[in-house]
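Listed here are the chains, written in short residue letters.
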Amino acid sequence: MGLTKGINSFADELRGAGHTVHVPDLFDGHLFTTIEDGMTYVNEIGFEEITERGIRVASEFPREIIYAGFSLGVVAVQKLAQTREGARGALLFYSCVPARCSDLPGRRNYRCRFTAWTRIPISLMRATLRRHASS
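Described below are features of the structure shown in this document. (Residues numbered from 1 in each chain as written. Predicted model: local features only at pLDDT ≥ 70, side-chain atom pairs only at ≥ 80, totals over all residues. Heavy atoms only, no water.)

Focus: the packing of helix α3 (residues 47-58) against helix α4 (residues 73-83)
Viewed as axis vectors pointing N to C, α3 and α4 meet at an angle of 50°, and their least axial separation amounts to 8 Å. Taken together, the axis directions place α3 and α4 in an arrangement best described as oblique. Both α3 and α4 take part in a crossing whose hand is right-handed. Here Phe-47, Thr-51, Glu-52, Gly-54, Ile-55 and Ala-58 of α3 come into contact with α4, specifically with Val-75, Ala-76, Lys-79 and Leu-80. In the contact of α3 with α4, the residues fall into six nonpolar, two polar and two charged. (Axes fitted to C-alpha atoms, helices over the stretch in contact; angles between N-to-C directions. Helix = DSSP H or I, 4+ residues; strand = E, 2+ residues; numbered from the N terminus. Parallel < 35°, antiparallel > 145°, perpendicular 65-115°, else oblique. Left-handed = near helix turned anticlockwise from the far one by under 90°. Contact = heavy atoms within 4.5 Å. Nonpolar A, V, L, I, M, F, W, Y, C, P; charged D, E, K, R; others polar.)

The structure is reproduced here in structure tokens:
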């Protein structure tokens, strides 16, 4: 749905606890009221391009960080956590890339050949965070 107020609010809470938080906007300022509308935009731009935007912006940050992603942002986060040397951990909210590309519905041609998980802590959050996700 884009870089929503909820995502920024969540980042602000982490900052308030003393963490340094970067919040890249992979949708170039576009905000959507439904996931379907957001996915229409993603399909226009390209699934791979959205993922690569996240990977490119991460090159501006130190290597030894914890990556966090919500929904579609998890794809870049998971790839970075699995392939970028120095990753300290990953927080995956609302999704996770399957171990094999063939497990991704409609994404059989997408290149998601990530290396095996290194020994970093991973948290997959399934709980609904409505206060943050849609506000």
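Back to the write-up after that little detour.
Side note on the packing of aromatic side chains
By the definition in use, this model includes seven aromatic pairs. Aromatic pair Phe-70 and Tyr-94: ring centres 5.9 Å apart, planes at 50°, arrangement tilted. With a gap of 24 residues between them, Phe-70 in strand β1 (residues 66-70) and Tyr-94 in the loop between β2 (89-93) and β3 (122-125) connect regions that are remote in the sequence. Through a chain of ring-to-ring contacts, three or more aromatic side chains come together here, namely Phe-10, Phe-70, Phe-93 and Tyr-94. (Phe/Tyr/Trp six-rings, centres within 6.5 Å; stacked < 30°, edge-to-face > 60°.)

Structural notes on unusual backbone geometry
The residue Asp-28 is not glycine, and still its phi comes out positive at about 50°. In this structure, Asp-28 sits in the loop between α1 (5-16) and α2 (35-45). Residue Asp-28 is classed as exposed on the basis of its relative accessible area of 53%. The backbone phi angle of Ser-71 is positive, close to 55°, even though this residue is not glycine. Looking at the secondary structure, you find Ser-71 in the loop between β1 and α4. With a relative accessible area of 41%, Ser-71 lands in the partly exposed category. (Buried < 20%, exposed > 50% of the residue type's maximum accessible area, 1.4 Å probe, protein only.)

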